[in-house]
Amino acid sequence: MLTVTPVPCYSDNYAYLLSRADCEEVVVVDGCESEPILAAIHGRRLTTILATHHHPDHIGGHEHLLANDPSLRIFGHAEEHAQLRRIPGQTHGLSDGDELQILGERVIALHVPGHTLTAVAYYFPDAGLLFTGDTLFGAGCGRLFEGTPPQMFASLQRLAALPQQTLVYSGHEYLTKNIAFARHIEPQNTAIADRQKRCLDTRARGEPCEPSTIGLERATNPFLRSAEPSVQAAVAGRPPELAVALSAVEVFARLRRWRSSF
Ligand SMILES: [Zn+2]
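Given the structure is predicted, the values throughout are model-derived calculations rather than measurements.

Caption draft 1: A look at the nonpolar core. Membership of the largest hydrophobic core comes to 27 residues, with the highest contact counts inside it found for Leu-110, Leu-130, Leu-156, Leu-159 and Leu-255. Among the secondary structure elements, those contributing two or more residues to this core are β8 (105–111), β9 (120–124), α5 (149–160), α6 (175–185), α9 (229–236) and α10 (248–260). With 5 residues, α5 is the single largest residue contributor to this core. Formed jointly, this core draws a minimum of three residues from each of two domains, domain 1 (2–170) and domain 2 (176–260). Of all hydrophobic cores here, the second largest spans 21 residues; its members include Tyr-16, Val-27, Phe-75 and Phe-131.

Caption draft 2: The arrangement of the sheet that holds strand β4 (residues 45–50) in detail. Here we have 6 strands laid out as an open sheet, ordered β1-β2-β3-β4-β5-β6, and mixed in their pairing. Of all strands in the sheet, those with a lone pairing partner are β1 (2–9) and β6 (92–94), marking the two edges. Neighbour-to-neighbour, the strand axes of this sheet turn through a mean angle of 25°, independent of strand direction. Direction of pairing for strand β5 (residues 73–77) relative to β6: parallel, over a ladder of 3 bridges. Considered in β6, the bridge of Gly-76 is made with Gly-93. Against the sheet, helix α1 (residues 34–41) touches β1, β2 (13–20), β3 (25–29) and β4, its axis set at about 145° to β1.

Caption draft 3: The pairing of β2, seen in detail. Among the 8 residues that make up β2, 8 are buried, leaving the element largely enclosed by the rest of the structure. Of the two faces of β2, the one holding Asn-13, Ala-15, Leu-17 and Ser-19 and the one holding Tyr-14, Tyr-16, Leu-18 and Arg-20 are both buried throughout. For β1 and β2, the ladder comprises 8 bridges, and the chain directions are antiparallel. Following the sheet pairing, Thr-5 is matched in β2 by Leu-17.

Caption draft 4: Here's a closer look at the domain arrangement of the protein. When the domains of the protein are assigned, the result is domain 1 (2–170) and domain 2 (176–260). The distance between the C-alpha centroids of domain 1 and domain 2 comes to 25 Å. One can count 0 salt bridges joining domain 1 with domain 2. Put simply, domain 1 and domain 2 have 11 residue pairs in polar contact (both at pLDDT 80 or more) between them. Those elements giving two or more residues to the side of domain 1 that touches domain 2 turn out to be β2, β11 (136–137), β12 (140–141), α5 and β13 (167–170). If one sorts the elements of the side of domain 1 that touches domain 2 by residue count, α5 sits on top with 8 residues. When grouped by side-chain class, the residues that make up the side of domain 1 that touches domain 2 number 20 nonpolar, 8 polar and 1 charged.

Caption draft 5: Broad picture of the side chain of Asn-189. Note that Asn-189 resides in the loop between α6 and α7 (190–204). Classification of Asn-189 as buried rests on a relative accessible area of 13%. Within polar-contact distance, the side chain of Asn-189 engages the backbone nitrogen of Ala-191 at 2.9 Å. At 3.2 Å, the side chain of Asn-189 forms a polar contact with the backbone oxygen of Ala-219.

Caption draft 6: Representation of the coordination of the zinc ion in the model. Bound to the zinc ion are the protein donor atoms His-53 (NE2), His-55 (ND1), His-115 (NE2) and Asp-134 (OD), situated 2.2 to 2.3 Å from the metal. Every donor counted, the 4 donor atoms about the zinc ion form angles of 87 to 172° at the centre, which fits irregular coordination. Spacing between the donor residues of the zinc ion along the chain follows H-x1-H-x59-H-x18-D. With His-53 in the loop between β4 and α2 (56–59) and His-115 in the loop between β8 and β9, this pair connects stretches of sequence that are 62 residues apart.

Caption draft 7: Quick peek at the pairing of β8. Across the 7 residues that make up β8, a large majority, 5, are buried. With 4 bridges connecting them, strand β7 (residues 99–102) and β8 associate as antiparallel partners. In the strand pairing of β8, Leu-100 is matched with Val-107. Connecting β7 to the antiparallel partner β8 that follows it, the hairpin turn spans 2 residues, and Leu-103 within it adopts a positive phi of roughly 50°. Taken together, the 4 bridges between β8 and β9 define a ladder with antiparallel strand orientation. Following the sheet pairing, His-111 is matched in β9 by Val-120.

Procedures and definitions
- Residues numbered from 1 in each chain as written.
- Predicted model: local features only at pLDDT ≥ 70, side-chain atom pairs only at ≥ 80, totals over all residues.
- Heavy atoms only, no water.
- Core = buried A, V, L, I, M, F, W, Y, C linked by side-chain atoms within 4.5 Å.
- Buried < 20%, exposed > 50% of the residue type's maximum accessible area, 1.4 Å probe, protein only.
- Helix = DSSP H or I, 4+ residues; strand = E, 2+ residues; numbered from the N terminus.
- Domains from an automatic or database assignment.
- Pairing = 2+ DSSP bridges.
- Axes fitted to C-alpha atoms, helices over the stretch in contact; angles between N-to-C directions.
- Contact = heavy atoms within 4.5 Å.
- Salt bridge = Lys/Arg side-chain N within 4 Å of Asp/Glu carboxyl O.
- Polar contact = N/O pair within 3.5 Å; in protein donor to acceptor, adjacent residues only side chain to side chain.
- Nonpolar A, V, L, I, M, F, W, Y, C, P; charged D, E, K, R; others polar.
- Donors = N, O, S within 2.8 Å, 3.2 Å for Na, K, Ca; no water.
- Tetrahedral: all angles 85-135°; square planar, octahedral: opposite > 155°, others 65-115°.

See below:
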């Protein structure tokens, strides 16, 4: 069985260490920062990094980790490997739907443009795990640095359509602020209120709120709920019965802008 260990990096990033009890090999999703990752490895052998995207806080450890072991395999989007070269040391390019075997588990690369144009989410269909980088956060989503609102909306909808019980591991600990925003958008949503209480209790103990599930995100994440009348009404600033019809994509785009100034 695969064990997922969150490795806090910088102020609010997570790298994730994947391991098995019967195996000396370990794998990391996002080589954010080398020191905390090396400390978490405890002498086992890091063979592979799965990079979700090229931002410096997600690839900052590559150089040092490669210096430690030049045979390290680094996966990321195919276009980064072939042309853009923004992921240091990348050895393998992945296109949407490509499958890998990682520690004996099947992994599918999902191309999820929006936060960046070459963002990849890693889905382990048999283990029921999803690593979303800066695309889907607990009760939130990443900023649109390179993609358009329709692209990000489609990427998020695709992740939301995965099985409800899939565990979601995202690239940052932003839940406290995200859930406060979700509460502001849907004050009557009891699933959001419950999640906010659990999150505040967890953070007060100094523990990570991750992981979430696709089902919990669908119930509490406003960026997956832009077709809901309550969310549409909040964005339009009117009660649901008076709200003008906006497309779910337009509601999503307005929510994303609103969150940036919240
Ligand atoms: Zn990013």
